[in-house]
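Structure at a glance
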Amino acid sequence: AVNTYPLHPGDLRHLPLGMGMHGRLSGKLISSPSLGANPQASGGATWFEVDVEASHWSYLHEKQPAHGKVRVKSQGRPDPSLQPGVMIEVTGVLQTPAIPWSQSLFDQRSYLRHQGIHTVLQVDATADWQCVASQKGLWERFINSLRKRAQERLALGMPKIEPIHL
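A brief structural summary. (Residues numbered from 1 in each chain as written. Predicted model: local features only at pLDDT ≥ 70, side-chain atom pairs only at ≥ 80, totals over all residues. Heavy atoms only, no water.)

1. A few points about the nonpolar core
One recurring pattern in soluble globular proteins: nonpolar side chains tend to sit buried together. L25, W57, V72, L121 and W129 are the most contacted members of the largest nonpolar core, which totals 22 residues. Residue contributions to this core peak at five residues, all from strand β3 (residues 45-59). Contact partners of L121, with chain neighbours within four places excluded, come to L25, W57, V70, R71, V72, K73, V90, G92, V93 and L94. (Core = buried A, V, L, I, M, F, W, Y, C linked by side-chain atoms within 4.5 Å. Buried < 20%, exposed > 50% of the residue type's maximum accessible area, 1.4 Å probe, protein only. Helix = DSSP H or I, 4+ residues; strand = E, 2+ residues; numbered from the N terminus. Contact = heavy atoms within 4.5 Å.)

Structure representation (C-alpha cells):
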C-alpha cells in the first residue's frame, strides 16, 4: 500500500525549481553545521552543511510562507552562532537535490528524501547569512554547550590530516 499525504500549501516542492531559483530563505536551524574541505581546491576550500525548517521564501522581492526541511550548503566556515534553534535568513539558489550520473554513485536525492528533505539551497559565501533571533531555551543552550565541548575534546584526539602536495 502506498501512503499519500496532502502537501502543505507553502511546501517548497510546489515551486517550479527547474534549474534552480535564486532567493532568500527564512527559517529555524534544526541541526548543527557539519564541516567539509576540498584539499584539491586552491587554498583548501572549506564548506559546511546545515538543515533548516523553512518559514518563508522570498523570490523577486515577494515574501511568501514556506514549509519543509531544506539542506543548506554554504562555502566558507560557519559562524559559531549557527546552532540549532537560531532563526536565520540566507540567500542562495534553491534546487532539488542532484540525481547520480550512474547507478554506482551515491544517490543524494534518495538519501535526503529519507530524511524528509526535498530541496537544497546552495550558498556562495558566509556573507549571505544573517542570524535573526535565537529561540533556544535554557536547557537547549546547556545541551548545545555540552555537545560543543564534547566535539572539541574529541577533535583533540583526532590526527591532523596534512594536504598532499604533488
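Resuming the write-up.
2. Quick word on the pattern of salt bridges
Inspection of the entire model under this criterion finds four salt bridges. R24 is paired through a salt bridge with E89; the nearest N and O atoms lie 3.3 Å apart. Residue R24 is located in strand β1 (residues 21-29), and its partner E89 is located in strand β6 (residues 86-95); the two are separated by 65 residues in the primary sequence. Two residues, D51 and R71, come together in a salt bridge whose shortest N-O distance is 2.4 Å. Residue D51 is found in strand β3, and its partner R71 is found in strand β5 (residues 69-75); the two are separated by 20 residues along the sequence. (Salt bridge = Lys/Arg side-chain N within 4 Å of Asp/Glu carboxyl O.)

3. Comments concerning the packing of aromatic side chains
Inspection of the entire model under this criterion finds two aromatic pairs. Measuring from centroid to centroid gives 5.6 Å for F48 and W129, while their planes differ by 35°, and the two rings are tilted. One end of the pair, F48, is in strand β3; the other, W129, is in strand β8 (residues 129-134), and 81 residues separate them in sequence. Classification of W129 as buried rests on a relative accessible area of 13%. (Phe/Tyr/Trp six-rings, centres within 6.5 Å; stacked < 30°, edge-to-face > 60°.)

4. Here's the deal with the environment of P33
Considering the arrangement of structural elements, one finds P33 in the loop between β1 and β2 (34-38). Distance from P33 to S74, taken between C-alpha atoms, is 9.9 Å for residues 41 residues apart in sequence. Ignoring anything within four residues of it in the chain, the contact list for P33 reads F48, E49, V50, P78, L82 and Q83.

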